[in-house]
Amino acid sequence: MPWRETNNPYFIWLSEIILQQTQVKQGLPYYNAFVAQFPTVFDLANAKESEVLKLWQGLGYYSRARNLHVTAKYIANTCNGEFPNTYKGLLKLKGIGDYTASAIASICFNEVTAVVDGNVYRVLSRYFGIDTPINSTKGIKAFKALAQELIDAKDPATFNQAIMEFGATQCRPKNPDCMFCPFQASCVAYNKGRVDELPVKLKKLKVKQRYFNFLVFLSKDNKTILEKRKGKGIWQNLYQFPLIETDDNMAHNDFLKLVKAHSLLNGKTFELHQYNNVPKVHKLSHQHLNTTFWIVNIDLVENGVPFETITDYPVPILIGNFIEVFHF
DNA sequence: AAGCCGGGGTT
DNA sequence: AACCCAGGCTT
């Protein structure tokens, strides 16, 4: 892993943000792309937010990219390009929470502050046989304190990375390699046959069903319409085709009435074609997006995006996949 | 304290 | 389908 070969806070920070809730395999190509396009924090600070989001496209949790850009500008413009060199200082930066502050402080500045990520929760809850839910306030405090007791004060960076890697490769969520585990003899969960019960986690979120209808405009002068998502909710500041959200999947005839009433089409002549008869189900962690793409053939569009510039815009991967398959 | 925020991979 | 991922922010 390239970020193992440096103590430069910029690179460590970048890697840690990318790896939040993201597996190394998925994040590595993005890390390489960011380092190539933004070699220093000043390069990142000088970029447009849309450039940052474009490079982040497909990685998800886009607030990470927006906060990355905010913090880059702050470090470059207010801190002379220098990151805070303490856990406490790092914690104040946007997008940096307890885990990331500890990771940067220990790896870059040898501060003795323990990281607690999903791996650490799993390793500690099993080894010590702790039932406290890892996502409860009590659990979060308890596991942080325990990790802080255990950390090697002489080499916190190695300790932190080692316990995480141990969780990722040996003490895995499913099928952990207990048979060849160096901690087998003293692991409470193993000796009580409770490895599969730990860690304990509270509740599971309910997945909400949503129904998205995207209007893919095709004008005679080869333009379409992209809109920037505003406000709260998913995909903030990313672009999409004009969206009509409904409370169920729509049949062509019913949807045609809705489209006719749409502000982009008042009174205009157009043809509507349903691109996919079976809704494409795009699964987010907390929502299932039942998606239908509708082709709208029309003479002219206002503020149209020329087909050849569509791929300049940062879009959710659901839209990006459509653009790839649909030959504009 | 609980809910929200992506996309990919494994079981 | 359920679960997890080198979590953090908002309400």
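All values derive from a computational prediction rather than experimental measurement.

Engineer: Explain empty space enclosed by the protein here, please?
Structural biologist: Unfilled space is identified by rolling a water-sized probe across the atoms. Per the stated rule, a full pass over the model turns up 1 cavity of 30 Å³ or more. Within this model, the largest cavity holds a volume of roughly 40 Å³. Every residue lining the largest cavity is listed: Trp-13, Ile-17, Gln-20, Arg-64, Asn-67, Leu-68, Thr-71, Lys-94 and Gly-95. Elements with a minimum of two residues in the lining of the largest cavity: helix H1 (9–18) and helix H5 (63–78). Broken down by element, the residue count for the lining of the largest cavity peaks at 4 residues, all from H5.

Engineer: Could you clarify how one ought to interpret the protein's contact with DNA strand C in this entry?
Structural biologist: In the neighbourhood of DNA strand C, 27 residues make up the surrounding shell, with Arg-4, Thr-100, Arg-122, Met-164 and Lys-232 lying closest. Sugar plus phosphate, as a fraction of atoms of DNA strand C within 4 Å of the protein: 69%. Thr-100 is positioned such that a nitrogen or oxygen atom in its side chain is 2.6 Å from a phosphate oxygen of DNA strand C. Interatomic distance of 3.2 Å between a backbone N/O atom of Gly-118 and a phosphate oxygen of DNA strand C. Every element with two or more residues in the surface near DNA strand C is listed here: helix H7 (98–109), helix H8 (118–127) and helix H10 (156–169). Split into classes, the residues belonging to the surface near DNA strand C amount to 7 nonpolar, 11 polar and 9 charged.

Engineer: Mind showing me how you'd approach the packing of H1 against helix H2 (residues 24–37) here?
Structural biologist: Geometrically, a packed helix pair is captured by the angle between its two axes and the distance between the axes. Where H1 contacts H2, the axes come no closer than 10 Å and their chain directions differ by 145 degrees. For the element pair H1 and H2, the recorded crossing hand is right-handed. Contacts between H1 and H2 involve Phe-11, Leu-14, Ser-15 and Ile-18 from the first element and Gly-27, Tyr-30, Tyr-31, Phe-34 and Val-35 from the second. Partitioned by chemical class, the residues of the contact of H1 with H2 number 7 nonpolar, 2 polar and no charged.

Engineer: Help me understand the protein's contact with DNA strand B in this model?
Structural biologist: By nearness alone, 23 residues border DNA strand B, and Tyr-61, Thr-137, Gly-233, Trp-235 and His-282 come closest of all. His-282 places a side-chain nitrogen or oxygen 2.6 Å from a phosphate oxygen of DNA strand B. Measuring from a phosphate oxygen of DNA strand B, one finds a backbone N or O atom of Ile-317 at 3.2 Å. Here the residues of the surface near DNA strand B sort into 8 nonpolar, 12 polar and 3 charged.

Engineer: Would you take a moment to explain the UniProt feature "domain: HhH-GPD" (unreviewed entry) in chain A for this structure?
Structural biologist: As annotated by UniProt and renumbered to match this structure, "domain: HhH-GPD" (unreviewed entry) occupies residues 18–169. Taken as a whole, residues 18–169 contains 66% helix and 0% strand, while its terminal C-alpha atoms sit 20 Å from one another.

Engineer: What's the story with the layout of surface pockets in this structure? I'm lost.
Structural biologist: The volume enclosed by the largest pocket comes to roughly 1,900 Å³. Gln-21, Asp-117, Gly-118, Asn-119 and Arg-122 are, among the 49 residues lining the largest pocket, the residues nearest its centre. Elements with a contribution of two residues or more to the lining of the largest pocket: H7, H8, helix H9 (137–150) and H10. Summarising the domain contributions, the lining of the largest pocket has at least three residues from each of domain 1 (1–112) and domain 2 (114–150 + 160–203). Lining the second largest pocket are 19 residues, and of these Gly-60, Tyr-61, Tyr-62, Trp-235 and Leu-284 lie nearest its centre. At the level of elements, H5, strand S7 (280–283) and helix H13 (317–325) are the ones that each hand at least two residues to the lining of the second largest pocket. Considered class by class, the residues forming the lining of the second largest pocket number 9 nonpolar, 8 polar and 2 charged. Both domain 1 (1–112) and domain 3 (208–325) contribute no fewer than three residues apiece to the lining of the second largest pocket.

Engineer: Help me understand the pattern of salt bridges in this model?
Structural biologist: Where charged atoms of side chains with opposite charge meet at close range, the side chains can pair. For the coordinates displayed, the defined rule picks out 7 salt bridges. A salt bridge links Glu-245 to Arg-210, with the shortest nitrogen-to-oxygen separation between them at 2.8 Å. Here Arg-210 lies in strand S1 (residues 208–219) and Glu-245 lies in strand S5 (residues 243–246), a separation of 35 residues in the sequence. Judged by its relative accessible area of 15%, Arg-210 falls in the buried class. One salt-bridge network, in which partners are shared between bridges, spans Asp-131, Arg-194 and Glu-197.

Engineer: Got a minute to help me understand the pairing of S1 in this structure?
Structural biologist: Remark: a regular strand shows side chains that alternate across the two faces of the sheet. Summarising burial for S1: 10 of the 12 residues are buried, a large majority. With 12 bridges joining them, S1 and strand S8 (residues 287–298) adopt parallel strand pairing. When the bridges of S8 are listed, Lys-208 appears paired with Gln-287. As defined by bridge partners, S1 adjoins S5 across 4 bridges and the pair is classed as antiparallel. In the sheet register, Tyr-211 faces S5, and the bridge partner there is Thr-246.

About the thresholds
Residues numbered from 1 in each chain as written. Chains lettered and ligands numbered in written order. Predicted model: local features only at pLDDT ≥ 70, side-chain atom pairs only at ≥ 80, totals over all residues. Heavy atoms only, no water. 1 Å grid on protein atoms, 1.4 Å probe; cavity = no way out; pocket = protein on both sides within 12 Å on 5 of 7 lines; lining within 4 Å. Points joined across faces, edges and corners; volume = space filled by probe spheres on them. Helix = DSSP H or I, 4+ residues; strand = E, 2+ residues; numbered from the N terminus. Near = heavy atom within 4 Å. Polar contact = N/O pair within 3.5 Å; in protein donor to acceptor, adjacent residues only side chain to side chain. Nonpolar A, V, L, I, M, F, W, Y, C, P; charged D, E, K, R; others polar. Axes fitted to C-alpha atoms, helices over the stretch in contact; angles between N-to-C directions. Left-handed = near helix turned anticlockwise from the far one by under 90°. Contact = heavy atoms within 4.5 Å. UniProt positions renumbered as here; feature names shortened; annotations may be inferred. Domains from an automatic or database assignment. Salt bridge = Lys/Arg side-chain N within 4 Å of Asp/Glu carboxyl O. Buried < 20%, exposed > 50% of the residue type's maximum accessible area, 1.4 Å probe, protein only. Pairing = 2+ DSSP bridges.

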